[in-house]
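Analysis of the macromolecular model
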Amino acid sequence: MNVKEKIRTLKIFRVIVQIIFFIFMPSLFSQAFAGVKEAVALIGKGENLILSDFVIKLLILCAVTIIFGRIFCGFVCSFGAVGDWFYMLSEFIQKKTGRKLPVIPSKWQVYLQKLKYIVLICVIGFCFLGKGEYVTKYSPWTVFSLITSRNFKLGAYITGVVLLLLIVVGMMLKERFFCQFLCPLGAVFSLLPKLPIFHVKKKGQQCFERCSACTNRCPVHLKYDEADIRDGECISCGRCFVVCPHRIKKNK
Ligand code: SF4
Ligand code: SF4
Ligand code: SF4
């Protein structure tokens, strides 16, 4: 199988897995994040943590992330999947019209990736102060969860609807726009320690000279000379693994 065929096979596999989870567990990401909000709210009130359904889901996803890297983000999360599908549509339109979207300089991309920590701090702050209902009321995830459960009574969630539409526009302009720049759950996952087993890592002389095949294909534009400090950004999509001529395994 040549590299193009491998990439296509991985893409098809990923879309199939994403569709299955989209159908059967479309709100898993928002339920896990509800676990974060719930835990912070209890800490804010000085109460003991309760192992609710949301908190258990969060703990399971954190354990999966620690063991396998952010495989949930790469293959399972429905919001990430929707982002991938809108970006595929965008790529199709770009191909048909012969117009390419401008590329964000990688330096800016790195800065923008920090925004999600600000979002996470704001959400944690609201929940800690007992104002978590504002987060739920204005969240685009609330709207997404309502839509995926076929509840279209969105009149009380206009802010969330507008934010969701803006996010969709962003998803079409930049691959994994929301995941990279804004997702507070992604921020939590990026901060966890990891024992990833599917990554490749540039290893100096073992790489082909001037090879950047992995970085060019990476949706979060992870450069391997920066991998140690930006490792948390990796969404374990596996693309670098299939394009690397060496398939160098990370051995951290
Ligand atoms: S970064 Fe957030 S939205 Fe993106 S795949 Fe991960 S949990 Fe889902
Ligand atoms: S291409 Fe590789 S480094 Fe980039 S997100 Fe996917 S698995 Fe991670
Ligand atoms: S694709 Fe493989 S050989 Fe090329 S830079 Fe990445 S890790 Fe090195």
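Residue numbers run consecutively from 1 along every chain, following the written order of its sequence. Starting at A for chains and at 1 for ligands, labels are handed out in the order in which the entities are written. Local features in this predicted model are restricted to residues whose pLDDT is 70 or higher, and side-chain atom pairs enter the listing and the counts only when it is 80 or higher, whereas totals over whole chains, interfaces and linings include all residues. Hydrogens are left out, water is left out, and the side-chain values use all remaining heavy atoms of the structure.

Cavity and pocket criteria rest on a 1 Å grid covering protein atoms alone: a 1.4 Å probe that fits but cannot get out defines a cavity, protein on both sides within 12 Å along at least 5 of 7 lines defines an open pocket, and an atom within 4 Å of a point defines a lining residue. Grid points are joined across faces, edges and corners, and a volume is the space filled by probe spheres set on the points. Roughly 1,200 Å³ of internal volume is contained in the largest pocket. Lining the largest pocket are 33 residues; nearest its centre among them are Tyr87, Glu91, Glu175, Arg217 and Arg239. Secondary structure elements are defined from DSSP: runs of H or I of at least 4 residues count as helices, runs of E of at least 2 residues count as strands, and each element is numbered from the N terminus. Broken down by secondary-structure element, the contributors of at least two residues to the lining of the largest pocket are α1 (3-24), α5 (78-97), α6 (106-112) and α13 (213-217). Sort the elements by how many residues they give to the lining of the largest pocket and α1 lands first, with eight residues. For the lining of the largest pocket, a count of residues per class yields 14 nonpolar, six polar and 13 charged. We call Asp, Glu, Lys and Arg charged. Ala, Val, Leu, Ile, Met, Phe, Trp, Tyr, Cys and Pro are nonpolar, and the rest, Gly among them, are polar.

Nearness of a residue to a molecule or strand requires only that one of the residue's heavy atoms be within 4 Å of it. Taken together, nine residues form the shell around ligand 3, and within it Cys207, Cys211, Cys214, Cys244 and Pro245 come nearest. Among the residues forming the shell around ligand 3, the class breakdown is seven nonpolar, one polar and one charged.

Next up on the list: the nonpolar core. Note on terminology: a nonpolar core comprises buried Ala, Val, Leu, Ile, Met, Phe, Trp, Tyr and Cys residues joined through side-chain atoms within 4.5 Å. Burial classes: relative accessible area under 20% of the type maximum marks a residue as buried, over 50% as exposed, and values in between as partly exposed (1.4 Å probe, protein chains only). Among the nonpolar cores identified, the biggest contains 44 residues, and Phe29, Phe72, Phe79, Trp141, Leu185 and Phe189 are the most heavily contacted of them. Leaving out residues up to four positions away in the same chain, leucine 185 has contacts with Phe29, Ala32, Phe33, Leu58, Phe72 and Trp141. The contact criterion used is simple: two residues touch if any of their non-hydrogen atoms lie within 4.5 Å.

Around ligand 1, the structure places Arg70, Cys73, Cys77, Phe79, Gly80, Arg176, Phe178, Cys179, Cys183, Leu185 and Gly186. If you list the elements that add at least two residues to the shell around ligand 1, you get α5, α11 (177-181) and α12 (184-191).

On to the packing of helix α7 (residues 115-128) against α12. Any two packed helices are characterised by how steeply their axes cross, that is the angle between the axes, and by the distance between the axes. Axes, fitted as lines to C-alpha atoms, cover a helix only where it is in contact. Angles between the N-to-C directions of the axes lie from 0 to 180 degrees. Following both chains from N to C, one finds α7 and α12 inclined at 105°, their axes separated by 8 Å at the closest point. Between α7 and α12, the angle is such that the two are roughly perpendicular. Counted together, Lys116, Tyr117, Val119 and Leu120 of α7 and Pro184, Gly186, Ala187, Val188, Ser190 and Leu191 of α12 form the full contact between these two elements. Grouping the constituent residues of the contact of α7 with α12 by class yields seven nonpolar, two polar and one charged. Comment on the angle field: the value is read as roughly parallel under 35 degrees, roughly antiparallel over 145, roughly perpendicular from 65 to 115, and oblique elsewhere.

On to the packing of aromatic side chains, then. Given two aromatic rings, their pairing is described by the distance between the two centres and the angle made by the two planes. By convention, a stacked pair of Phe, Tyr or Trp rings (six-membered ring in the case of Trp) has centres within 6.5 Å and planes under 30 degrees apart, an edge-to-face pair has planes over 60 apart, and any other such pair is tilted. Under the defined criterion, the tally for this structure stands at 14 aromatic pairs. Geometrically, the ring pair formed by phenylalanine 22 and tryptophan 85 is edge-to-face, given 5.5 Å between the ring centres and 65° between the ring planes. Taken together, the residues phenylalanine 22 in helix α1 and tryptophan 85 in helix α5 connect sequence positions 63 residues apart. Judged by relative accessible area, phenylalanine 22 falls into the partly exposed class, the value being 26%. With relative accessibility at 25%, the residue tryptophan 85 sits in the partly exposed group. Relative to tyrosine 111, the ring of tryptophan 108 lies with its centre 5.8 Å away and its plane at 80°, an arrangement referred to as edge-to-face.

On to the UniProt feature "transmembrane region" (unreviewed entry) in the protein chain, then. UniProt positions are given in the numbering used here, feature names are shortened, and annotations may be inferred rather than shown by experiment. Residues annotated in UniProt with the feature "transmembrane region" (unreviewed entry) correspond here to residues 12-34, 54-87, 117-134 and 154-173. With 83% helix and 0% strand, the stretch residues 117-134 has end C-alpha atoms that lie 19 Å from each other. Counting secondary structure, residues 154-173 comes out at 80% helix and 0% strand; the distance between its end C-alpha atoms is 26 Å.

Quick look at the packing of helix α2 (residues 28-45) against α7 now. Contact geometry of α2 with α7 gives a least axis separation of 7 Å together with a crossing angle of 45°. One way to sum up the angle between α2 and α7 is to call them oblique. Crossing handedness for the pair α2 and α7: right-handed. In this structure, α2 uses Phe33, Lys37, Val40, Ala41, Ile43 and Gly44 to contact α7, whose residues at the interface are Leu120, Val123, Ile124, Cys127 and Phe128. Of the residues contributing to the contact of α2 with α7, the split by class is nine nonpolar, one polar and one charged. Note on convention: near helix rotated counterclockwise from far helix by under a right angle means a left-handed crossing. Clockwise means right-handed.

For patches, a residue must show more than 30% relative accessible area and have no salt bridge; joins then use 9 Å for like charges and 5 Å for nonpolar side chains, namely Val, Leu, Ile, Met, Phe, Trp and Tyr. The method behind every accessible area is Shrake-Rupley, applied with a 1.4 Å probe, and residues are considered shielded solely by the protein chains displayed. Basic side-chain nitrogens of Lys or Arg form a salt bridge, by our definition, when they fall within 4 Å of a carboxyl oxygen of Asp or Glu. Nonpolar side chains collect at one region of the surface, where Ile12, Ile16, Ile19, Ile20, Ile23, Phe24 and Met25 lie side by side and expose about 690 Å² of accessible area between them. By secondary structure assignment, the location of isoleucine 12 is in helix α1. Overall, the relative accessible area of 47% leaves isoleucine 12 in the partly exposed class.

This next bit is on unusual backbone geometry. The phi torsion at arginine 176 lies on the positive side, around 55°, for a residue other than glycine. Checked against the element boundaries, arginine 176 lands in the loop between α10 (158-173) and α11. Given a relative accessible area of 3%, arginine 176 falls into the buried group. If you check the backbone angles, histidine 221 has positive phi at about 50° while not being a glycine. In this fold, histidine 221 is placed in the loop between α13 and α14 (227-230).

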